[in-house]
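# A closer look at the structure
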Amino acid sequence: MSSPSPEPGELLVEAGDERLMLTTAHCTVIAADIEGFGQHSRNNINQVRIRHGMYKAMQAAFDAAGIPWSSCRHEDRGDGVLVLASADVRKRLFADHLPNALVEALVRHNRIHPPRERIRLRLALHAGEINYDQHGVTGSAINHTFRLLDADVLRSALESSSAVLAVIGSAWFFDEVIRHSELSHAKAYRPADVANKETTTQAWVRLLRPPVRRLHAPPHKGQNL
């Protein structure tokens with residue numbers, strides 16, 4: 001008896017004496033990682049609060065950017081998270097609104113937590129074809145996103161700055177999305193050469209610092225209070 005033909009978006013793959021059905025879809029790929037999550041100064045309770053804060057900040061930022069968190073697929077990575085958004089979610093939302101919304105959410109978290117529980121994030125943006133099977137997701141687009149996220153140039157940029165968020169966009173994402181939008185702050189991105197494992201590529205990095213809190217000037221002499 002012949003196997004059924006795959007539906008659009010599905011692929012039959014031979015695996016020894018088995019035939020596996022894969023579902024494929026084009027997605028925006030977002031990966032986040034907490035800086036210094038495993039530092040010795042952070043105990044298990046600190047790490048639990050940090051993880052909770054990261055997820056709370058990510059969900060708040062996605063919702064504020066017009067990207068419903070509940071509509072995305074998210075997979076825990078211990079000290080970070082992988083998020084996949086379907087192709088019908090406008091990619092410019094990730095460039096135009098997500099970074100600033102995430103900074104605001106991180107600042108809110110950091111304001112009420114001690115230094116060992118404060119969060120600085122690295123965030124990678126890419127897009128491509130994703131394979132879904134019974135165990136989860138895979139695809140070269142996911143691999144590429146994590147190579148960018150783990151790049152030394154991104155780690156060094158965040159470590160040597162006062163930023164709370166370091167964003168790295170793939171060459172594709174920058175060229176096709178970021179540079180075409182007047183709201184993405186494309187001029188704030190700087191080119192970066194990435195060499196990580198089997199990946200050698202160019203990417204684009206932007207650092208986002210907390211907004212400066214302006215103190216009110218004291219009233220002039222004789223000014224009514």
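Here the residue numbering is sequential within each chain, running from 1 through the sequence in written order. In keeping with the model being predicted, local features are shown solely for residues with a pLDDT of at least 70 and side-chain atom pairs are shown and tallied solely at 80 or more, while totals for entire chains, interfaces and linings include all residues. Working from all heavy atoms in the structure, the side-chain values ignore hydrogens and water.

### Observations concerning the overall build of the protein chain
The following threshold applies: Helical segments are the DSSP runs of H or I of at least four residues, strand segments are the runs of E of at least two, and each set is numbered from the N terminus. Only protein chains enter the accessibility calculation, which uses a 1.4 Å probe; a residue is then buried when its area is under 20% of its type maximum, exposed when over 50%, and partly exposed in between. Here, two residues are considered to be in contact whenever any of their heavy atoms come within 4.5 Å of each other. Working definition of accessibility: Shrake-Rupley area with a 1.4 Å probe, residue cover restricted to the visible protein chains.
The secondary structure content of the protein chain amounts to six helices and nine strands. Looking at the 225 residues of the protein chain, the share that counts as buried comes to 44%. Look at the contacts in the protein chain between residues 6 or more apart in sequence, and 69% of them connect residues 24 or more apart. For the protein chain, the exposed area adds up to about 13000 Å²; of that, 50% sits on carbon and sulfur atoms.

### Some points on the pattern of salt bridges
We count it as follows: Here, a salt bridge means any Lys or Arg side-chain nitrogen found within 4 Å of an Asp or Glu carboxyl oxygen.
In total, this model carries 10 salt bridges according to the counting rule given. Through salt bridges that share partners, Arg 73, Glu 75 and Arg 77 make up one connected network.

### Considerations on the pairing of strand β4 (residues 80-86)
So the rule is basically this: What makes two strands pair is DSSP finding at least two bridges between them.
In terms of burial, β4 is a largely internal element, six of the seven residues being buried. Judged from the four bridges that link them, strand β3 (residues 73-76) and β4 form a sheet pairing that is antiparallel. From the neighbouring strand, Arg 73 faces β4, where its bridge partner is Leu 84.

### Here's the deal with the packing of aromatic side chains
For clarity, the cut-off: Working definition: rings of Phe, Tyr and Trp (its six-membered ring) pair if their centres are within 6.5 Å, and the pair is stacked with planes under 30 degrees apart, edge-to-face with planes over 60 apart, and tilted otherwise.
Scanning the model with the defined rule gives five aromatic pairs in all. Ring centres of Phe 62 and Trp 69 lie 5.1 Å apart, and the angle between their planes is 80°; on these two criteria the pair is classed as edge-to-face. Here Trp 69 falls in the buried class, since its relative accessible area comes to 8%.

### Focus on the environment of Asp 96
By the secondary structure assignment, Asp 96 is in helix α2 (residues 92-96). You can call Asp 96 buried: its relative accessible area is 6%. Counting along the chain gives 90 residues from Asp 96 to Ala 186, while the straight-line C-alpha distance between them is 9.4 Å.

### A closer look at the environment of Phe 173
Along the chain, Phe 173 turns up in helix α6 (residues 171-176). Relative accessible area serves as the criterion here: at 0%, Phe 173 is assigned to the buried category. Once the C-alpha coordinates of Phe 173 and Trp 204 are considered, the two residues, 31 residues apart in sequence, prove to be 9.1 Å apart.

### Section: the pairing of strand β5 (residues 121-133)
As defined by bridge partners, β5 adjoins strand β7 (residues 165-170) across five bridges and the pair is classed as parallel. Counterpart to Leu 125 in the pairing with β7 is Gly 169. Where β5 meets strand β6 (residues 136-138), three bridges bridge the pair, whose relative direction is antiparallel. Each residue of the ladder has a partner; that of Asn 131, found in β6, is Thr 138. In this antiparallel pair of consecutive strands, β5 and β6, the connection spans two residues.

### Some points on the confidence of the model for the protein chain
The cut-off we apply is this: Scored from 0 to 100, pLDDT reflects the predictor's confidence in each residue.
Overall, the prediction assigns the protein chain a mean pLDDT of 89, with 85% of residues at 70 or greater. Here residues 1-8 is a poorly scored stretch, pLDDT under 50, and it has five contacts once near neighbours within four places are set aside; other chains count.

### With respect to the nonpolar core
What counts is decided by this rule: The definition of a nonpolar core used throughout is a set of buried Ala, Val, Leu, Ile, Met, Phe, Trp, Tyr and Cys residues joined through side-chain atoms within 4.5 Å.
Ranked by size, the top nonpolar core spans 43 residues in total, and within it Met 58, Phe 62, Phe 94, Leu 102, Leu 121, Leu 123 and Leu 165 carry the most contacts. It is helix α3 (residues 98-111) that provides the largest number of residues to this core, a total of seven residues. What Phe 94 contacts, discounting residues up to four positions off in sequence, is Thr 28, Ile 30, Phe 62, Ile 67, Ala 85, Val 89, Pro 99, Leu 125 and Phe 173. One finds Ile 130, Ile 142, Phe 146 and Leu 158 within the second-largest nonpolar core, a separate group that totals 24 residues.

### As for helix α4 (residues 140-149)
Across the 10 residues of α4, eight count as buried, placing the element largely inside the fold. Every buried residue of α4 is accounted for by Ala 141, Ile 142, His 144, Thr 145, Phe 146, Arg 147, Leu 148 and Leu 149.

### Describing the side chain of His 109
Note that His 109 resides in helix α3. With sequence-adjacent residues up to four places away left out, His 109 is seen in contact with Arg 49, Gly 53, Glu 117, Arg 118 and Ile 119.

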